[in-house]
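Commentary on secondary and tertiary structure
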Amino acid sequence: MKRLITFLLLCFSISIAHAWTPDKNKTIMIVTGFGPGGNTHTIATWFQQFLESKGYTAIVDVKPGAKGQIATSHLARQSNNGYTLLVTLGLGMLVHTDESTANKPTYKDFELVTIIGKVPLFLITHQENQIKTTNQLLSSPRQKISIATSSETTEILAKNLQKTLSSHDVVIVPYKNNGDVMRDLIGGHIDYAISTYTSFGPLLKQNKITVLGTTSNDPNFPKFDRNINTLHENFGALNGIVLPKNTPQAITDFYLNVSKEFLRSYKTRLNDNNIATS
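What counts, and where the lines are drawn
Residues numbered from 1 in each chain as written. Predicted model: local features only at pLDDT ≥ 70, side-chain atom pairs only at ≥ 80, totals over all residues. Heavy atoms only, no water. Buried < 20%, exposed > 50% of the residue type's maximum accessible area, 1.4 Å probe, protein only. Helix = DSSP H or I, 4+ residues; strand = E, 2+ residues; numbered from the N terminus. Polar contact = N/O pair within 3.5 Å; in protein donor to acceptor, adjacent residues only side chain to side chain. Contact = heavy atoms within 4.5 Å. Salt bridge = Lys/Arg side-chain N within 4 Å of Asp/Glu carboxyl O. pLDDT = per-residue confidence, 0-100. Patch = residues over 30% accessible without salt bridge, like charges linked within 9 Å, V, L, I, M, F, W, Y side chains within 5 Å. Areas by Shrake-Rupley, 256 points an atom, 1.4 Å probe, with all protein chains shown as cover. Phe/Tyr/Trp six-rings, centres within 6.5 Å; stacked < 30°, edge-to-face > 60°. Lys NZ or Arg CZ within 6 Å of the ring centre and 35° of its normal.

1. Section: helix α3 (residues 69–76)
- Taken across its eight residues, α3 has six buried, putting it largely inside the fold.
- What α3 keeps buried is the set Gln69, Ala71, Thr72, Ser73, His74 and Leu75.

2. Some thoughts on the side chain of Thr198
- Relative to the assigned elements, Thr198 resides in helix α7 (residues 197–205).
- A distance of 2.8 Å separates a polar atom in the side chain of Thr198 from the backbone nitrogen of Asn39.
- If near-sequence neighbours (up to four positions away) are discounted, Thr198 is found in contact with Gly37, Gly38, Asn39, Thr42 and Asn273.

3. Considering the pattern of salt bridges
- Taken as a whole and judged by the stated rule, the model has five salt bridges.
- Across the pair Lys159 and Glu155 runs a salt bridge whose closest N-O atoms are separated by 3.3 Å. Of this pair, Lys159 and Glu155 both sit in helix α5 (residues 152–164), separated by four residues, roughly a single helical turn.
- For Asp184, the salt bridge is made with Arg183, and the minimal N-O distance between the two is 3.1 Å.
- The class of Asp184 is buried, set by a relative accessible area of 13%.

4. Regarding the confidence of the model for the protein chain
- Residues with a pLDDT of 70 or more make up 80% of the protein chain, whose mean pLDDT is 81.
- Predicted confidence is poor over residues 91–105, with pLDDT under 50, and the contacts of this stretch with residues over four places away or in other chains come to 35 contacts.

5. Observations concerning a nonpolar patch on the surface
- Residues Leu112, Ile115 and Leu238 make up a contiguous nonpolar surface patch of about 230 Å² in total accessible area.
- On the secondary structure map, Ile115 appears in strand β6 (residues 110–120).
- The exposure class assigned to Ile115 is partly exposed, which follows from its relative accessible area of 33%.

6. Let's talk about the packing of aromatic side chains
- Here the structure, examined in full by the defined rule, presents 12 aromatic pairs.
- Ring centres of Trp20 and Tyr83 lie 5.8 Å apart, and the angle between their planes is 70°; on these two criteria the pair is classed as edge-to-face. Placement of Trp20 in the loop between α1 (2–18) and β1 (27–32) and of Tyr83 in the loop between α3 and β3 (84–89) is noted, with a sequence separation of 63 residues between them.
- Tyr83 gets classed as buried once you look at its relative accessible area, which sits at 11%.
- An angle of 80° between the planes, with centres 5.3 Å apart, marks the rings of Phe122 and Phe200 as edge-to-face. On the criterion of sequence distance, the pair formed by Phe122 in strand β7 (residues 122–126) and Phe200 in helix α7 is long-range, its members being 78 residues apart.
- Here Phe122 falls in the buried class, since its relative accessible area comes to 1%.
- For Phe200, a relative accessible area of 0% puts it in the buried group.
- Over the aromatic face of Tyr56 sits the side chain of Lys24, whose NZ or CZ is 5.3 Å from the ring centroid.
- When the ring centre of Trp46 is taken as reference, the NZ or CZ atom of Arg269 above it lies at 5.3 Å.

Written out as structure tokens, the structure reads:
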């Protein structure tokens, strides 16, 4: 019996020795490639707040540009000591850009901790536009229209729509951030945009935006009439938490467990912003 107790205590001490938690006197840098206004920055900010609620020090470090690739390139150069992580969007974590390896796929340079949520995309327009549904757009006379994007994922959907709207002269206009997209959209400088709910939600409440279609078929999202025309069902952006390559398993396990707690605590808030957590 004594030997069994000794063995169990030894196993427990070994598991404790291999566990890892951040030093509360050090700062955790949460890198994101997208500025305020979009779902990726929103998730990063909420994750920062959650870490701070547990007594850790965390800062959101925005490194915008190249559709998130500057941020992933930055992460690839960081130490794997657990104090730098990335909240990423879609394909951004698969490619990083620098002077020597532009657009080189480097998914092996990262450790994906977990997927935070799937974010549906929306086709939106300004209130002055007389076209209010995707069916109206599809059946409208040939015209030149502009569709704004601000990430790699939104650009993929825009290119799909460009093919669907082959009877129109569709111009895809890439932007660096969602804020500029919303400004130009409500100002009438562009006709349509592909975006996420966190980017245009406040403008929708002010009746400045019309939603023509969504990629979501999730009935749990209460924001929109389910009869809205659906474009490319189940297409969306995956938000994930990523660490540098060769990060020790104990560190990855810590962030995986914290992410699970975060998802439980923020589930309602995430779902209210049309971010699916299941």
